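What the coordinates show
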Amino acid sequence: ECAHALGRTAEQAELEEAAGKTSTISGNLIAAAGHFERALALTEDPIARARLQTQAAGSLVINADPRGLAYAHEALTVLDPTSHRVETATALMIEARFHHLSGQHRKAAGLLERAAALATPPEGDALSTLHASTLIQIHAYTAAAYQHQGLFEQADRWAEKAIAFGERQSLLWAQAVGYEFLGENAWGTGAWEAGLEYAEKE
């Protein structure tokens, strides 16, 4: 309100984006979408808009709100995958999530494979929090896309990638995600003892 009253549009947009991220972390995705859309209305730079569109899409996907898919598509028309690899991967991942949740698992898997190719860093590279978070989600969602097709070997491969990534980067979340999918896949194939072992590790 202060930024608005003082006519500081750029600050207002930054605050709306920060409020959107905070709402996302706290699980209030409806409020998050509102903040991101208000930030969009105050932003003209194409790359900044693409970032906001991707964040808005991410907050809309769980409710299958079609505005989110449109936002992801708009962001992908602007983002250059050679200079904005992680941002492009994030937008592809969110588009894939829309398809996965509507039962189009094969289409989702194809998009997620593209996202993974962009987001996977060279060995030894330090990763930002955003980059690491994006890669963990890509591993999880790709495992899920193959699992829902009954392709458990491919799903296991992506679960194992999540575990290996988590071990290299000392990220317990990534390791837990991998063991979760290994356990689910073991249940799906009747490997009960292995499933219990993975659950214990998770």
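Just above sits the structure.
The paragraphs below set out a description of the structure included in this document. None of the values given here were measured: they were computed from a predicted structure.

Quick word on helix α3 (residues 29-41)
- Its 13 residues place the ends of α3 18 Å apart at the C-alpha level, agreeing with the 18 Å of an ideal helix rising 1.5 Å per residue.
- When α3 is considered as a whole, its buried residues turn out to be Ala 32, Ala 33, Gly 34, His 35, Phe 36, Ala 39 and Leu 40.
- On its buried side, α3 packs onto α2 (9-25), α4 (46-60) and α5 (66-78).

Here's the deal with the side chain of Gln 147
- Mapped onto the fold, Gln 147 is located in helix α8 (residues 129-147).
- Within the structure, the side chain of Gln 147 is placed 3.0 Å from the side chain of Glu 184, a separation counted as a polar contact.
- In this structure the side chain of Gln 147 is engaged in a polar contact, spanning 2.9 Å, whose partner is the side chain of Asn 185.
- Setting aside residues no more than four positions away along its own chain, Gln 147 makes contact with Phe 152, Ala 155, Phe 181, Glu 184 and Asn 185.

A few points about the nonpolar core
- Ranked by size, the top nonpolar core spans 46 residues in total, and within it Tyr 71, Ala 89, Ile 138, Phe 165 and Phe 181 carry the most contacts.
- Taken together, the elements giving at least two residues each to this core come down to α3, α4, α5, α6 (85-101), α7 (105-119), α8, α9 (152-169) and α10 (172-189).
- What Phe 165 contacts, discounting residues up to four positions off in sequence, is Leu 127, Ala 132, Leu 135, Ile 136, His 139, Leu 171 and Ala 174.

Describing the pattern of salt bridges
- Using the criterion set out here, one finds six salt bridges in the structure.
- Here Glu 11 makes a salt bridge to Arg 8, at a shortest N to O gap of 3.8 Å.
- Accessibility expressed as a relative area gives 43% for Arg 8, which makes it partly exposed.
- With a closest N to O distance of 3.8 Å, Lys 21 and Glu 17 form a salt bridge. Pair noted here: Lys 21 and Glu 17 are both in helix α2, with a separation of four residues, about one helical turn.
- It is possible to trace a salt-bridge network through shared partners that takes in Glu 17, Lys 21 and Arg 51.

About the thresholds
Residues numbered from 1 in each chain as written. Predicted model: local features only at pLDDT ≥ 70, side-chain atom pairs only at ≥ 80, totals over all residues. Heavy atoms only, no water. Helix = DSSP H or I, 4+ residues; strand = E, 2+ residues; numbered from the N terminus. Expected span 1.5 Å × (residues − 1). Buried < 20%, exposed > 50% of the residue type's maximum accessible area, 1.4 Å probe, protein only. Contact = heavy atoms within 4.5 Å. Polar contact = N/O pair within 3.5 Å; in protein donor to acceptor, adjacent residues only side chain to side chain. Core = buried A, V, L, I, M, F, W, Y, C linked by side-chain atoms within 4.5 Å. Salt bridge = Lys/Arg side-chain N within 4 Å of Asp/Glu carboxyl O.

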